[in-house]
Amino acid sequence: MSSNITIAISKGRIFKDALPLLAALDIYPVEAPETTRKLILETNRPDVKIIIVRTTDVPTYVEYGAADIGIAGKDVLLEYSVNASGGNGLGGYGLYEPLDLKIAQCKMVVAEPEKVEPGETGNREHGGRKRVATKYVNIARNYFASQGKQVEIIKLYGSMELAPVLGLADQIVDLVDTGNTLKANGLVVVETITDISSRLIVNKAAMKMKNNLIKPMIEKLTELVEEK
Ligand code: ATP
Ligand code: PRP
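Within every chain, residues take consecutive numbers counted from 1 along the sequence as written. Chain letters start at A and ligand numbers start at 1, both assigned in the order the entries are written. Since the coordinates come from a predicted model, pLDDT governs what is reported: local features require at least 70, and pairs of side-chain atoms require 80 or more to be given and counted, while whole-chain, interface and lining totals use all residues. To obtain the side-chain values, all non-hydrogen atoms of the structure were used and water was disregarded.

Scored from 0 to 100, pLDDT reflects the predictor's confidence in each residue. Overall, the predicted model of the protein reaches an average pLDDT of 92, with 89% of residues at or above 70. Throughout, a contact is declared for two residues whenever any of their heavy atoms are within 4.5 Å. Below pLDDT 50 for its whole length, residues 86–91 participates in ten contacts with residues either more than four positions away or in separate chains.

Here you go:
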């Protein structure tokens, strides 16, 4: 049985929301990602380290065993599962996802300008197919296919809300929480694709080899989440 654990987390929203969960596991990082350039954070527990990676890289570190466990948004996991090694695009991929931590909760939606002027979207200019801008290309492609809709997907890396405003796209697929960002840019939700929250993910080999450490963590977190 192994005696140390590496946890992959992204800085920002997920790190902040994960702190109370880590505290319940008696894990306290000795530094915060906002105040250090270090990417490996020591904790009060000599057997636990936290690595700080980009949100979209968390499943990669965990699947390949560079981290034993991680916390990632369902949006990131859905997008990742299509391309992951061993992934079949249907959610079967090389890591376990044992628990919905119910943090960083939001929705994945399709949104478009509140007032679409006739002819303004330029649909006819691209063969009658709507243009959809998103960083969630796989999720969007699967969603529109499931609806029997043919769309042209444009990959962006952020600030999706700008795309319909400037005529780059007719619609976007993005995350919404308060709705403030959509509202501020004159957009409205037209379809909800799915609810999103962050999940605990576990490397498959670590689940076996480090079960003595990981199982009690999952049990404690399950209790906590159920109390919420
Ligand atoms: P990066 O800044 O590295 O490009 P990011 O912008 O996706 O990544 P965050 O904004 O911290 O990183 O979001 C992390 C996760 O939090 C997302 O993957 C999603 O699951 C969730 N999330 C994103 N936006 C919101 C929101 N407005 N409200 C609640 N949860 C959100
Ligand atoms: C996310 C998302 C939306 C916004 C929605 O962006 O991409 O733009 O939150 O939240 P709201 O409905 O509460 O306004 P984020 O704040 O993470 O910014 P980023 O994508 O630039 O990191």
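This part takes up the sheet that holds strand S11 (residues 198–203). Taken in spatial order, the six strands line up as S2-S3-S1-S4-S11-S5 in an open sheet, and their pairing is mixed. With one partner strand each, in any of the chains shown, strand S2 (40–42) and strand S5 (95–100) form the two edges of the open sheet. Geometrically, the sheet is characterised by an average inter-axis angle of 30° between neighbouring strands, direction not taken into account. Axes here refer to lines fitted to C-alpha atoms; in helices the fit is confined to the stretch in contact. Angles between the N-to-C directions go from 0 to 180 degrees. Counting from the N terminus, the helices are the DSSP runs of H or I reaching at least four residues and the strands are the DSSP runs of E reaching at least two. Helix H1 (residues 13–24) contacts strand S1 (5–9), S2, strand S3 (48–52), strand S4 (69–73) and S11 of the sheet and is inclined by roughly 145° relative to S1. Where helix H8 (residues 211–227) meets the sheet, its contacts fall on S1, S4, S5 and S11, and the angle it forms with S5 comes to roughly 30°. Only strands that DSSP links by at least two bridges are regarded as paired with each other.

The next point concerns the pairing of strand S9 (residues 171–176). Between buried and exposed lies partly exposed: a residue is buried under 20% and exposed over 50% of the maximum accessible area for its type, with that area taken using a 1.4 Å probe on protein chains only. Of all six residues in S9, five are buried; the element is thus mostly enclosed. Both strand S7 (residues 130–134) and S9 contribute to a ladder of three bridges, which runs parallel. Bridging from a neighbouring strand, Thr134 pairs with Val173 of S9.

All right, on to empty space enclosed by the protein then. Cavities and pockets were defined on a 1 Å grid built from protein atoms only: a cavity is a group of points that admits a 1.4 Å probe but offers it no way out, a pocket is an open group of points flanked by protein on both sides within 12 Å along at least five of seven lines, and a lining residue is one with an atom within 4 Å of any such point. Grid points are joined across faces, edges and corners, and a volume is the space filled by probe spheres set on the points. For the coordinates displayed, the defined rule picks out one cavity of 30 Å³ or more. Approximately 70 Å³ is the volume found for the largest cavity. Lining the largest cavity are Ile7, Leu21, Leu22, Leu25, Ile69, Ile71, Leu101, Leu200 and Leu221. Charged residues are taken to be Asp, Glu, Lys and Arg, nonpolar residues to be Ala, Val, Leu, Ile, Met, Phe, Trp, Tyr, Cys and Pro, and polar residues to be all remaining types, Gly included. Its residues assigned to classes, the lining of the largest cavity shows nine nonpolar, no polar and no charged.

With that settled, the discussion passes to the packing of aromatic side chains. In this analysis, rings of Phe, Tyr and Trp, with Trp reduced to its six-membered ring, are considered paired at centre separations within 6.5 Å, and the interplanar angle assigns stacked below 30 degrees, edge-to-face beyond 60, and tilted for intermediate values. Taken as a whole and assessed by the stated rule, the structure comprises one aromatic pair. Note on Tyr143 and Phe144: the rings are 5.4 Å apart at their centroids and 70° apart in plane angle, and the pair reads as edge-to-face. A relative accessible area of 12% means that Tyr143 is categorised as buried. By relative accessible area, which is 1% here, Phe144 ends up buried.

So, on to the site of ligand 1. Close to ligand 1 lie 14 residues, the nearest being Arg13, Arg54, Thr55, Asp75 and Asp177. By the criterion applied in these results, polar contacts are pairs of N or O atoms within 3.5 Å in which, for protein atoms, one can donate a hydrogen and the other can accept it, and in which residues neighboring in sequence qualify only through two side-chain atoms. A distance of 3.3 Å separates a nitrogen atom of ligand 1 from a polar atom in the backbone of Ala104. Computed with a 1.4 Å probe, the accessible areas rest on the Shrake-Rupley method; for each residue, only the protein chains presented here act as cover. Burial of ligand 1 by the protein chains amounts to 74% of its free accessible area of 620 Å². Grid points define the cavity or pocket, and a molecule sits in it when more than half of its atoms lie within 2 Å of them. Of all the cavities here, the one that holds ligand 1 is the largest pocket. Here, proximity means that at least one heavy atom of the residue falls within 4 Å of the molecule or strand.

With that out of the way, let us pick up the layout of surface pockets. Taken as a whole, the largest pocket encloses approximately 1200 Å³ of empty space. Lining the largest pocket we find 42 residues, and of these Arg13, Thr55, Lys135, Tyr136 and Leu175 sit closest to its centre. Among the secondary structure elements, those contributing two or more residues to the lining of the largest pocket are H1, helix H3 (74–83), S9 and helix H6 (180–184). A breakdown of the residues in the lining of the largest pocket according to their chemical character gives 16 nonpolar, 14 polar and twelve charged. The two domains that each donate at least three residues to the lining of the largest pocket are domain 1 (5–105 + 197–227) and domain 2 (106–195). Note: domain ranges come from an automatic or database domain assignment.

This part covers the nonpolar core. Looking at soluble globular proteins, one finds that nonpolar side chains tend to be buried together. As used in this record, nonpolar core signifies buried Ala, Val, Leu, Ile, Met, Phe, Trp, Tyr and Cys residues forming a set joined through side-chain atoms within 4.5 Å. Counting 30 residues, the largest nonpolar core has Ile7, Ile9, Ile50 and Leu101 as the members making the most contacts within it. Looking at this core, the elements with two or more residues in it are S1, H1, S3, S4, S11, helix H7 (204–209) and H8. In terms of residue count, H8 provides more of this core than any other element does, six residues in total. Excluding its chain neighbours within four sequence positions, the residues that come into contact with Ile7 are Leu22, Ile27, Val48, Lys49, Ile50, Ile51 and Ile69. Of all hydrophobic cores here, the second largest spans 13 residues; its members include Val132, Tyr136, Phe144 and Ile193.

On to the sheet that holds S9. Overall, mixed pairing links the five strands, which are arranged S8-S7-S9-S6-S10 in an open sheet. Among the strands making up the open sheet, the edge pair consists of strand S8 (151–155) and strand S10 (187–196). Neighbour-to-neighbour, the strand axes of the sheet open up by a mean angle of 30°, direction not taken into account. Helix H4 (residues 137–146) contacts strand S6 (106–113), S7, S8, S9 and S10 of the sheet and is inclined by roughly 170° relative to S8.

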